[in-house]
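Survey of secondary and tertiary structure
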Amino acid sequence: MKRIVVGITAHVDSGKTTLSEALLYTTGHIRKLGRVDHGSSFLDTDSVERDRGITVFSHQAEFRIKDTAVTLLDTPGHVDFSAETERTMQVLDYAVLVISGSEGVQSHTETLWRLLEKYNVPVFVFVNKMDLDGADKENVLEALRKRLSPLCTDFSGDDEDVCEGSALCCEELMDKFIEEGSLSDGDLASAVAQRRIFPCCFGSALKLEGIDRFLTVLDRFTALPKRKDMFGAKVFKISADRKGNRLTFMKICGGALRVRDEITYTSQSGEEFTEKVSSVSFYSGEKSRQAEIALAGEVCAVTGLSQAYCGQGLGFEPDSDSAVLEPVMSYTAVIPKNINIHDALKDFRTLEAEDPQLHILWNEQLRQISVQLMGEVQLEVLSRIASERFGYEIGFGNGAVTYRETIASTVEGVGHYEPLRHYSEVHLIMEPLARGSGLQFDTIAREDDLDRNWQRLILTHLEEKIHKGVLTGSPVTDMKITLASGKAHLKHTEGGDFRQSTYRAVRQGLRQAESLLLEPFYDFTIELPDRFVGRAMTDIRNMFGTFEAPQSDGETSVITGRAPVATINGYQRELAGYTAGKGRISCTMAGYFECHNSDEVIEKIAYDCDSDLENTADSVFCAHGAGFNVRWSEVAQYMHLPSALDARDSYTYDDDDYYPQQISRSSAKITADDDELMEIFERTYGKLNRDPRKAFKKVKKEPTEHKSVKLPVYSGPDYLLVDGYNIIFAWEELKTLAQESLDHARERLIDILCRYQGYKQCCLILVFDAYKVSGGTGSVEKKNNISVVYTKESETADSYIEKVTHQLSKNHRVRVATSDGLEQMIILGNGAMRVSADELLSEIRNADEAVRAYIDSLPTGKNRLSDMKK
C-alpha cells in the first residue's frame with residue numbers, strides 16, 4: 001500500500017478546511033459535512049478555532065483512495081499562525097495549495113509558495129470557489145503561471161489534454177510524448193515528485209464540485225517516497241491530551257517505532273536523554289486510536305518523550321534548520337496580582353514548548369515576562385488559551401518590534417572566574433559576520449593547554465544561552481565566536497566555573513566592541529493602480545524604505561522594495577484607503593539590518609548594561625585567599641593568559657594555513673604510537689627478521705658535492721593576476737559594499753588596483769568569474785592601465801588563472817593574488833608565486849603611504865617655483 005502524508009495550506013478564507021471536509025466526506029471517512037462558519041468542521045477541534053472560524057493548530061485526519069493511504073494535515077491559513085504551517089511543511093510528502101477562484105493569488109499565497117519551495121515539497125493546486133461570480137478558470141490559471149510558477153498545469157481535463165499540457169512544461173516529458181504519443185501515470189507522478197510540474201484542479205469544495213476528479217489526480221499522480229530501513233523520525237508538534245499528558249507528534253521517516261522502544265536523543269539544553277515510548281496513537285480529528293507500532297510514512301503521537309522539541313530529528317533524521325518565519329513583535333504580559341509570577345512563567349514555558357516561535361523572555365531585574373508573536377490575532381488566541389488551560393486572565397501591553405544587536409569589528413572577550421576554590425579563564429575572539437548569518441561557534445584552542453572536554457563544555461555554554469547586547473539588552477546575532485584559549489585548575493575547576501567565565505567573556509567583548517542596533521525589515525510587493533504610484537513611493541521614502549523602479553502591467557503597477565517593520569506595519573489599511581480597496585501589499589521577512597533610528601530606540605528602551613548583574617561583564621579574581629571583583633575595562637591587567645587576539649595578529653600566515661594552535665592540535669591527532677605502527681606493518685607484510693645489533697651500526701654515506709642552485713632568469717615584465725571576487729569577499733570594505741551592490745564593489749576594486757599598478761609598474765590582470773552567466777562568451781577590457789577579464793560561460797576564474805600562469809611563468813615573474821587554498825597550491829605547481837588577500841591589501845596600503853610621503857616631500861609654493869627656474 002502507498003502511504004503518503006499530504007498537507008493542505010492556503011491564504012486565510014480560501015476554503016482550505018472546507019476542502020478537507022469534502023475530501024473526508026467523499027472518501028467515506030465522515031458521514032456528515034461540517035462547516036467552518038457553523039463551528040461544526042471535523043478538523044477544527046479547538047474551541048478557539050470554532051469560535052473564531054479559523055484554523056489555529058495543525059490537525060490530522062486519515063482516509064484512503066483505493067490503494068493509497070493518506071494522512072491529511074490541515075494547517076493554519078492566517079498569517080499570524082504561519083510558524084505552525086512552516087513546521088508542518090517539514091514532514092510533508094505532498095502539499096495541496098488552495099487558491100480562491102474569486103480572489104486569485106493573494107499575498108500570503110506567495111509566502112506559502114516560497115516555503116514549499118524551500119522545503120522542496122511537491123505541490124498540487126486546487127482552485128476553490130469556482131461557483132462564485134468573478135471566478136474565471138483561464139484568468140486564475142494565467143495568474144498561477146505568472147505569480148507562482150510557469151509549470152502550473154491544468155489537470156482537470158481528459159488524459160490527452162493532461163499529457164499535452166505536461167509535455168510543454170518539461171523537456172524530458174516532451175521527448176517521450178513526441179516519441180510515444182502519450183505519457184504514463186508513472187512518468188507524470190515522477191515529474192510531480194521532482195517539482196517539474198504542478199497539477200491544478202478546479203471546483204467548489206462546499207458544493208463537492210471537482211472533488212472526485214481531484215481525488216483521482218492525488219491517487220494516480222503521487223508516488224511512494226523512498227524510505228530507509230533504519231529508524232528515523234521528525235518531530236513537528238508538541239501538544240497535550242485531555243489528561244495533561246505530553247504528546248510528541250512525529251512523522252516516521254524510516255523503519256518503525258514500537259511501544260516500549262527506547263529512544264536516545266539530545267534536548268535543547270544539550271543534555272542526552274534515553275526514554276521509553278509509553279504509547280503510540282493515531283489521531284483523526286478529535287478521535288484517536290492506539291497501536292503497538294507506527295510504520296514508515298505514518299504520522300503518530302507518542303508519550304514518554306519528556307524533552308523532545310519541535311523540529312528535532314530522531315534516529316538518522318537531522319534536526320530542522322532555523323525557521324524562515326520569525327516573530328517580529330514583542331508584547332509585555334500583564335499577570336493578575338494574585339498569581340505568582342514564577343508560576344505564570346512556568347505556564348508560559350509550557351506554551352513555548354508547544355509553539356517554539358512563541359518566544360518567551362524573562363527579565364529578572366523587572367520581574368517581567370515578554371512574549372514575541374507574529375501579530376495581534378495570535379495575541380488574542382494566546383489570551384484565550386491561557387484562560388482555558390491555566391484558569392486566569394492574561395493581559396498584554398502595547399506591542400513593539402523586536403531588535404537585535406551585533407558588533408562592527410573584531411574584539412577579544414576575556415572572562416575570569418576565581419572565587420575561593422574555583423578557577424576558570426576563557427578567551428574568545430568575536431568577529432562580525434554578514435547579515436543573516438546568525439551566531440556561529442568554533443574553537444582553535446590547543447588541547448595541550450585546555451582539555452577537549454573543557455572546550456566542548458565552553459562551546460555548549462556559548463550555544464545554550466541567548467546572549468544580550470549592551471545597547472538595548474536585545475539578543476546578539478551575526479557574529480562568529482571562537483574559543484581561542486582558556487585555562488583550568490587541576491584541583492579547583494568545576495563545570496559551573498566555565499559557565500561563569502564564558503558568559504563574562506562574551507559580555508566583556510561586547511562592552512569593548514562598537515555595537516550596532518539591528519531592526520527587522522520586510523521585503524514588500526505593492527500592487528496598485530498607476531495613478532497612485534507617486535503617493536506610494538512618497539510613503540515608502542517616509543517609512544525609511546527603499547524600492548526598485550515600478551513595473552507597469554496594463555493599468556496596474558508593481559513596486560518591490562524593503563522597509564523597516566516598525567514603519568510599514570499597518571500600511572495595508574492606509575493603502576486600501578487611498579486606492580479604494582484596489583491596492584494590496586504582501587510582506588515577507590527580509591532579516592535584520594541596521595536600525596534607521598538607533599539613538600531614539602536606545603534612549604526609549606533605556607537599558608543600563610552595568611545594572612544588569614545577571615549578565616555582568618566583570619570578572620572575579622583571587623588574592624590573599626579571597627575573591628575580588630575586577631571591572632570589565634581592567635580585566636586585561638589581571639588576566640592570567642596572554643591576549644589571543646594579539647597573538648593571532650602577530651602571526652603571519654596565508655589564508656590556506658591554520659593558526660599555530662590548529663597545526664599543533666592536528667599534528668597531535670595524526671601522531672601514532674611506534675608500537676602500533678609496527679604492529680600494523682607486520683600484520684600487513686609479515687614479521688621482520690632482523691638482527692637487532694645491526695640497528696645500532698652506522699652506515700657511511702658517500703660525501704655529496706654542494707651544487708649551486710640555478711635561479712630562473714625572466715626576460716619579460718612582472719605580472720600580477722588577481723582573482724576578483726575572491727578579493728572582494730576577503731576585504732571587509734568591499735564585502736560590505738558588495739552586499740549593497742556587487743557592481744559598485746567591482747568598480748571600487750578596479751580603482752584601487754589601477755592606483756596600485758601605477759606605483760608598481762607591473763602588468764596587472766584582474767579576473768572576474770562569469771561561469772554562471774548563461775551564454776557568456778568571455779571578454780577582456782582595458783580599464784586605464786590594467787586588463788579586466790570576464791571569463792566565458794562554464795569557465796571559472798580559477799581555471800583561467802591556472803591556464804595563464806602556466807603560460808606566463810616560463811618567461812615572466814608571475815604572482816597571483818587569491819585566498820583560495822586549492823588554487824594557491826596549483827599556482828605554486830605552475831611556477832608562480834602566491835599572494836594572499838591580506839598581503840595584497842597590506843602592499844596596497846604601503847604603496848599609498850609611499851606615494852603620500854613622496855607628495856608631501858615635494859617643494860610647494862615659492863620654493864617649487866625657484867626650483868623650477870634653477
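Structure shown above.
Figured I'd write up the structure that's included with this text. Quick caveat, the model's predicted, so the values are computed rather than measured. All residue numbers refer to positions counted from 1 along the written sequence of the respective chain. Predicted model: local features are reported for residues with pLDDT of at least 70 only, side-chain atom pairs are reported and counted for 80 or more only, and whole-chain, interface and lining totals are derived from all residues. The basis for the side-chain values is all heavy atoms of the structure; hydrogens and waters are excluded.

Observations concerning the pattern of salt bridges
We count a salt bridge whenever a side-chain nitrogen from Lys or Arg sits within 4 Å of a carboxyl oxygen from Asp or Glu. One pass over the full model with this rule turns up 34 salt bridges. Residues E527 and R147 are paired through a salt bridge, measuring 3.1 Å at the closest nitrogen-oxygen approach. Here the residue E527 occupies a position in strand β28 (residues 515–529), and R147 occupies one in helix α5 (residues 137–147), the gap between them amounting to 380 residues. Relative accessibility under 20% of the residue-type maximum defines a buried residue, over 50% an exposed one, and the middle range a partly exposed one, all with a 1.4 Å probe and only protein chains included. Exposure remark for E527: the relative accessible area of 18% places this residue in the buried category. Exposure remark for R147: the relative accessible area of 22% places this residue in the partly exposed category. The shortest N-O distance in the salt bridge between E574 and R535 comes to 3.0 Å. Of this pair, E574 sits in helix α16 (residues 571–578) while R535 sits in helix α14 (residues 533–542), and the two are 39 residues apart along the sequence. The class of R535 is partly exposed, set by a relative accessible area of 37%. Numbering goes from the N terminus for both helices and strands, where a helix is a DSSP run of H or I of at least four residues and a strand is a run of E of at least two.

Some points on helix α1 (residues 16–26)
When you tally the buried positions in α1, you get eight out of 11 residues, the bulk of the element. Those residues of α1 not exposed but buried are K16, T17, L19, S20, E21, A22, L23 and L24. Only heavy atoms matter for contacts: two residues are in contact if any of them lie within 4.5 Å across the pair. The inward-facing, buried residues of α1 contact β1 (2–10), β2 (59–65), β3 (68–74), β4 (94–100), β5 (123–128) and α9 (211–220). Looking one or two residues past α1, G28 carries a phi angle of roughly 85 degrees, positive in sign.

Some details on empty space enclosed by the protein
As defined here, a cavity is a set of points on a 1 Å grid over the protein atoms alone where a 1.4 Å probe fits but cannot get out. A pocket is an open set with protein on both sides within 12 Å along at least five of seven lines, and residues line them when an atom is within 4 Å of a point. Grid points are joined across faces, edges and corners, and a volume is the space filled by probe spheres set on the points. Tallied over the entire structure, the rule returns one cavity of 30 Å³ or more. In this structure, the largest cavity encloses a volume near 50 Å³. For the largest cavity, the full set of lining residues is Q106, S107, E110, R147, T525, I526, E527, R584, I585 and S586. For this classification, the nonpolar set comprises Ala, Val, Leu, Ile, Met, Phe, Trp, Tyr, Cys and Pro, the charged set comprises Asp, Glu, Lys and Arg, and every other residue, Gly included, is treated as polar. Per-class residue counts for the lining of the largest cavity are two nonpolar, four polar and four charged.

What about the packing of α1 against α9?
Only the contacting stretch of a helix is used when fitting its axis, a line to C-alpha atoms as for every element, and angles between N-to-C directions run 0 to 180 degrees. Two elements in contact, α1 and α9, have axes separated by 10 Å at closest approach and are oriented at 80 degrees. Judged by the inter-axis angle, α1 sits roughly perpendicular to α9. Contact residues: L19, A22, L23 and T26 in α1; I211, D212, F214 and L215 in α9. For the contact of α1 with α9, the residue count by class is six nonpolar, one polar and one charged. Working definition: roughly parallel below 35 degrees, roughly antiparallel above 145 degrees, roughly perpendicular at 65 to 115 degrees, and oblique for all remaining angles.

Focus on the nonpolar core
Here, nonpolar core means buried Ala, Val, Leu, Ile, Met, Phe, Trp, Tyr and Cys residues that are tied together by side-chain atoms lying within 4.5 Å of each other. Membership of the largest hydrophobic core comes to 47 residues, with the highest contact counts inside it found for F348, I369, I526, L528, I559 and Y571. I4, L23, V98 and V162 belong to the second-largest nonpolar core, a separate cluster that totals 40 residues.

Describing the sheet that holds strand β39 (residues 814–817)
For sheets, the rule is that strands pair by backbone hydrogen bonds, running either parallel or antiparallel. Strand order in the open sheet formed by six strands is β37-β38-β36-β35-β39-β40, with mixed pairing between adjacent strands. In the strand order of this sheet, the two ends are held by β37 (779–783) and β40 (833–835), each with one partner. Geometrically, the sheet is characterised by an average inter-axis angle of 25 degrees between neighbouring strands, direction not taken into account. Any two strands with at least two DSSP-identified bridges between them are counted as paired. Relative to strand β36 (residues 763–768), strand β35 (residues 719–723) runs parallel, the two sharing five bridges. Across the sheet, the residue bridging to Y719 is C763, located in β36. Along the sheet, helix α24 (residues 742–760) contacts β35, β36, β37, β38 (786–790) and β39; its crossing angle with β36, the most-contacted strand, is approximately 165 degrees.

A short note on the packing of helix α6 (residues 159–167) against helix α7 (residues 171–180)
Interaxial distance between α6 and α7 falls to 8 Å at its minimum, and their mutual angle equals 130 degrees. It follows that α6 is oblique to α7 by the angle criterion. Between α6 and α7, the residues in contact are C163, E164, S166 and A167 and L173, M174 and F177, respectively. Each residue belonging to the contact of α6 with α7 can be placed in one class, and the counts come to five nonpolar, one polar and one charged.

Looking at the environment of V91
Along the chain, V91 falls in the loop between α3 (82–89) and β4. Note: C-alpha distance between V91 and V6 (85 residues apart in sequence) is 9.0 Å. Once residues lying within four places of it in the same chain are set aside, the contact partners of V91 are V5, L73, K234, F236 and K251.

Here's the deal with the packing of aromatic side chains
Any two rings among Phe, Tyr and Trp, with Trp reduced to its six-membered ring, count as a pair given centres within 6.5 Å; such a pair is stacked if its planes are under 30 degrees apart, edge-to-face if over 60, and tilted if neither. Inspection of the entire model under this criterion finds 16 aromatic pairs. Through a chain of ring-to-ring contacts, the aromatic side chains of F236, F249 and Y283 assemble into a single cluster. Cation placement over rings: the criterion is NZ of Lys or CZ of Arg within 6 Å of the ring centroid and within 35° of the ring normal. Note that K237 overlies the ring of F249, its terminal NZ or CZ placed 4.9 Å from the centroid. Geometry around Y503 places K465 over its ring, the cationic atom sitting 4.3 Å from the centre.

A word on the environment of S204
Residue position: S204 is located in the loop between β7 (198–202) and α9. Its relative accessible area of 2% is what places S204 among the buried residues. Spatially, the C-alpha atom of S204 lies 4.8 Å from that of K129, the residues being 75 residues apart in sequence. Residue contacts for S204: discarding those within four places in its chain leaves F126, N128, K129, D131 and E209.

Quick notes on the sheet that holds strand β16 (residues 299–303)
Pairing in this open sheet of six strands is antiparallel, and the strands run β14-β13-β16-β9-β8-β17 from one edge to the other. Looking along the sheet, the strands with just one partner apiece sit at the ends: β14 (287–291) and β17 (313–315). Strand-to-strand, the axes of this sheet are offset by a mean angle of 40 degrees, without reference to chain direction. Note: strand β8 (residues 232–240) against strand β9 (residues 246–254), eight bridges, orientation antiparallel. If you follow K237 over to β9, its bridge partner there is F249.

Treat this as a map of the structure, not an account of what it does.
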